[in-house]
Amino acid sequence: MYDTGGRSTAFSESSYPIPFLSRLPVEHMAALDVDGLQHRLRAFADARDWERFHSPKNLAMAVASEAGELVDIFQWLTEEESRHLSDKNRVRATEEIADVLIYLLRLGDKLEVDFQRAVLEKLELNERNYPVELAKGNALKYNRRG
């Protein structure tokens, strides 16, 4: 939700005849400074002479490794416990999410991925593959629907 001249409006895909994200205000789409983070991560690696280790293969493997560490936090929790993490597990999850993002940003930097464009294009594809009238309340993958 965001403020629209004194009234609060909840966004939903079905409330717009055109793709959902094209209706979001720019300030809601620019909160993460990808370029700035990539610059800082590049400088961090350069200062330590780690660039030579940051091949796309190694970075992809690091993403998987860090995602595994995130999964470990949730592995034996119930659905309810996973929705209400302890303070300790919330800190751990936040750190692992940051690690995953760091490696994704480095990988995207190496592969020259335009994250804004890639995410918006993927969301548009998902909107086509999962139209609200077919996907609402249904967890089936688009290619497994009858």
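Further up the page is the structure itself.
Residues numbered from 1 in each chain as written. Predicted model: local features only at pLDDT ≥ 70, side-chain atom pairs only at ≥ 80, totals over all residues. Heavy atoms only, no water.

## Description of the environment of Leu41
Link 1 in the chain: With respect to the helices, strands and loops of the structure, Leu41 is situated in helix H1 (residues 34-47).
Link 2 in the chain: The exposure class assigned to Leu41 is buried, which follows from its relative accessible area of 16%.
Link 3 in the chain: The sequence separation of Leu41 and Tyr103 amounts to 62 residues, and the corresponding C-alpha distance is 9.3 Å.
Link 4 in the chain: In this view, Leu41 contacts Ile102, Leu105 and Arg106; residues no more than four positions away in its chain are not counted. (Helix = DSSP H or I, 4+ residues; strand = E, 2+ residues; numbered from the N terminus. Buried < 20%, exposed > 50% of the residue type's maximum accessible area, 1.4 Å probe, protein only. Contact = heavy atoms within 4.5 Å.)

## Examining the packing of aromatic side chains
Aromatic rings considered in pairs are described by the distance between their centres and by the relative angle of their planes.
Link 1 in the chain: Scanning the entire structure with this criterion turns up two aromatic pairs.
Link 2 in the chain: Seen in terms of ring centroids, Phe44 and Trp50 are 5.6 Å apart; in terms of plane orientation they differ by 70°. Their pairing is edge-to-face.
Link 3 in the chain: Seen from their ring centres, Tyr130 and Tyr142 are 5.8 Å apart, and the 90° between their planes marks the pair as edge-to-face. One end of the pair, Tyr130, is in the loop between helix H5 (115-129) and helix H6 (132-135); the other, Tyr142, is in the segment after H6, and 12 residues separate them in sequence.
Link 4 in the chain: Look at Tyr142 and you get partly exposed, because its relative accessible area is 37%.
Link 5 in the chain: In this structure, Arg48 is placed above the aromatic ring of Phe44, and the distance from its NZ or CZ to the ring centre is 3.6 Å. (Phe/Tyr/Trp six-rings, centres within 6.5 Å; stacked < 30°, edge-to-face > 60°. Lys NZ or Arg CZ within 6 Å of the ring centre and 35° of its normal.)

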